[in-house]
Amino acid sequence: MARKSKIGSGDFVKALGLLSQIAITIIACIALGILIGWLLDRWLGTSPWLMMVCIFLGMGAALKSIFDFSKRI
């Protein structure tokens, strides 16, 4: 007979917390890149170039954060 593994509610909550932390990290890094790029574009009059650069920097920061986070687990 095959054994069924039981996942406790504590394991589910822990997994949900880790997934939400990853999602919040991605959203925060990209949103911060958008905000900084938008502010710099308004200040320097270079629309939309600095926003695009900062969005890509935000994506890179999100990927690095997720990579560092996965090494901790």
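Residues numbered from 1 in each chain as written. Predicted model: local features only at pLDDT ≥ 70, side-chain atom pairs only at ≥ 80, totals over all residues. Heavy atoms only, no water.

**Regarding a nonpolar patch on the surface**
Moving on, step 1. On the surface, a cluster of nonpolar side chains totalling about 460 Å² of accessible area is made up of Leu32, Leu35, Ile36, Trp38 and Leu39.
Moving on, step 2. Mapped onto the fold, Leu32 is located in helix α1 (residues 9-44). (Patch = residues over 30% accessible without salt bridge, like charges linked within 9 Å, V, L, I, M, F, W, Y side chains within 5 Å. Areas by Shrake-Rupley, 256 points an atom, 1.4 Å probe, with all protein chains shown as cover. Salt bridge = Lys/Arg side-chain N within 4 Å of Asp/Glu carboxyl O. Helix = DSSP H or I, 4+ residues; strand = E, 2+ residues; numbered from the N terminus.)

**Considering α1**
One full turn of an α-helix is made of 3.6 residues, so residues set three or four places apart face in the same direction.
Moving on, step 1. Here α1 contains 36 residues, and its C-alpha end-to-end distance of 52 Å stays within 8% of the 52 Å for a straight helix at 1.5 Å per residue.
Moving on, step 2. Residues of α1 that are buried include every one of Cys29, Gly33, Gly37 and Asp41, and no others.
Moving on, step 3. Buried-residue contacts for α1 involve α2 (49-72).
Moving on, step 4. One or two positions beyond α1, positive phi appears at Gly45, with a value near 70°. (Expected span 1.5 Å × (residues − 1). Buried < 20%, exposed > 50% of the residue type's maximum accessible area, 1.4 Å probe, protein only. Contact = heavy atoms within 4.5 Å.)

**Remarks on the pattern of salt bridges**
Moving on, step 1. What the rule picks out here adds up to one salt bridge.
Moving on, step 2. As a salt-bridge pair, Asp68 and Lys64 come within 2.7 Å of each other at their nearest N and O atoms. Here Asp68 pairs with Lys64, and both are found in helix α2, just four residues apart, close to one helical turn.
Moving on, step 3. Among the residues examined, Asp68 registers a relative accessible area of 29% and is labelled partly exposed.

**Concerning the side chain of Asp41**
Moving on, step 1. For Asp41, the location among the structural elements is in helix α1.
Moving on, step 2. One buried charged residue, Asp41, forms no salt bridge at all, with the nearest opposite charge on Arg42 at 9.6 Å. (Lys, Arg positive; Asp, Glu negative; His and termini not counted.)

**Regarding unusual backbone geometry**
Moving on, step 1. In this model, Ser47 is joined to Pro48 through a cis peptide bond whose omega is -5°.
Moving on, step 2. With respect to the helices, strands and loops of the structure, Pro48 is situated in the loop between α1 and α2.

**A word on the packing of α1 against α2**
Moving on, step 1. It is at 8 Å that the axes of α1 and α2 come closest, and there the two elements cross at 155°. In terms of orientation, α1 and α2 fall into the roughly antiparallel class. Classified by chirality, the crossing of α2 by α1 is right-handed.
Moving on, step 2. In terms of residue class, the contact of α1 with α2 is made up of 20 nonpolar, six polar and two charged. (Axes fitted to C-alpha atoms, helices over the stretch in contact; angles between N-to-C directions. Parallel < 35°, antiparallel > 145°, perpendicular 65-115°, else oblique. Left-handed = near helix turned anticlockwise from the far one by under 90°. Nonpolar A, V, L, I, M, F, W, Y, C, P; charged D, E, K, R; others polar.)

Worth remembering: the numbers are spatial, not functional.
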